[in-house]
Amino acid sequence: DPRLMETVVNKIRKGKAIFDQILYSSFANLKKLYRKYQNFFSYTFFGTLASAINVILFHILEKDLGFNYLLANCLAYIVAIIFTFVTNKHWVFASKNTTLKQTLQEFVSFCNVRLFSFILDLGLMFTGVQLLALYKDLAKILDQLICGILNYFFSKWFIFKTTAKILPKEVDEE
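Given the structure is predicted, the values throughout are model-derived calculations rather than measurements.

**Q** Explain the overall build of the chain here, please?
**A** Tallying secondary structure elements over the chain gives five helices and zero strands in all. Listing every helix and strand of the chain by position from the N terminus yields α-α-α-α-α. Projected onto its principal axes, the C-alpha coordinates of the chain cover approximately 80 × 40 × 25 Å. Counting the 174 residues in the chain, one finds 30% classified as buried.

**Q** Would you mind showing me how to read the packing of aromatic side chains here?
**A** Two descriptors summarise a pair of aromatic rings, namely the distance from one centre to the other and the angle between the planes of the rings. Scanning the model with the defined rule gives seven aromatic pairs in all. Centre to centre, the rings of Phe 85 and Phe 107 are 5.0 Å apart; their planes meet at 80°, and the pair counts as edge-to-face. Placement of the pair is Phe 85 in helix H3 (residues 69–92) and Phe 107 in helix H4 (residues 100–131), with a sequence separation of 22 residues. Relative accessible area serves as the criterion here: at 6%, Phe 85 is assigned to the buried category.

**Q** Quick question: what am I supposed to make of the layout of surface pockets here?
**A** To find leftover empty space, a probe the size of one water molecule is rolled over the atoms. There is about 450 Å³ of room inside the largest pocket. If you go around the largest pocket, you meet 24 residues; those closest to its centre are Gly 47, Thr 48, Ser 51, Gln 144 and Gly 148. Among the elements of the structure, helix H2 (38–64), H3 and helix H5 (136–159) are those that each provide at least two residues to the lining of the largest pocket. Taken together, the residues that form the lining of the largest pocket break down as 14 nonpolar, nine polar and one charged.

**Q** I would appreciate a short explanation of a nonpolar patch on the surface in the present structure.
**A** A cluster of nonpolar side chains, contributed by Phe 19, Leu 23, Phe 27, Leu 30, Leu 33, Tyr 34, Tyr 37, Phe 40 and Phe 41, occupies part of the molecular surface with about 870 Å² of accessible area. Per element, the largest residue contribution to the nonpolar patch is six residues, and it comes from helix H1 (residues 2–36). For Phe 27, the position within the fold is in helix H1.

The rules behind these values
- Residues numbered from 1 in each chain as written.
- Predicted model: local features only at pLDDT ≥ 70, side-chain atom pairs only at ≥ 80, totals over all residues.
- Heavy atoms only, no water.
- Helix = DSSP H or I, 4+ residues; strand = E, 2+ residues; numbered from the N terminus.
- Buried < 20%, exposed > 50% of the residue type's maximum accessible area, 1.4 Å probe, protein only.
- Phe/Tyr/Trp six-rings, centres within 6.5 Å; stacked < 30°, edge-to-face > 60°.
- 1 Å grid on protein atoms, 1.4 Å probe; cavity = no way out; pocket = protein on both sides within 12 Å on 5 of 7 lines; lining within 4 Å.
- Points joined across faces, edges and corners; volume = space filled by probe spheres on them.
- Nonpolar A, V, L, I, M, F, W, Y, C, P; charged D, E, K, R; others polar.
- Patch = residues over 30% accessible without salt bridge, like charges linked within 9 Å, V, L, I, M, F, W, Y side chains within 5 Å.
- Areas by Shrake-Rupley, 256 points an atom, 1.4 Å probe, with all protein chains shown as cover.
- Salt bridge = Lys/Arg side-chain N within 4 Å of Asp/Glu carboxyl O.

Nothing here speaks to function; it is all geometry.
Below, the structure written as C-alpha cells:
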C-alpha cells in the first residue's frame, strides 16, 4: 500500500530529524563545556602523560635498574616536573610570558610550589610502601592521583595566575 509506505517514510524522516537535533544539541553542549573548561581538560591530558612518564620511569629505575625506590622516585619526579612545566606553560595555561627572565621566574615559582608536592609525594610513597605495605607501583599511582589534583590548583592559582584572566573562557549562553 503506497499510503502505508509514505507513512513509514515520513516517520523515518521525523525520527532522523529528531536524531539530528539531539546530536547537534549534544555536540553544541560538548563544545561549550570544552571551551569553558579547556585548561582543565588540557591539564588532565598532559598531567596524565606526566604521571605516566613518572610511573614508568619509576618502575624502570626501581625494578629494572635496581635503584632504591625513594631515589627512583626522586629522579622520575624531576623528569616529570620538566615535562609538566613545558606543557603547562605552553598548552595548558598558555602563558604569555616570553622573555627568558619571565620564563625563569615562572620556572622558579613552579619549582617552589612543586617542592611542596614533591615532599608530599615522598611522604605518600614512604607511607604507602613502609607503613601500609602497598606494592610500590600501586603506591606510586595513588600518590600521582593525589599530587596531580593538588598541583592543578597550585599551578592555576599561584604559578600561571597571570593567564587566569585569559583562559577561563566563559561560554556565552545562546
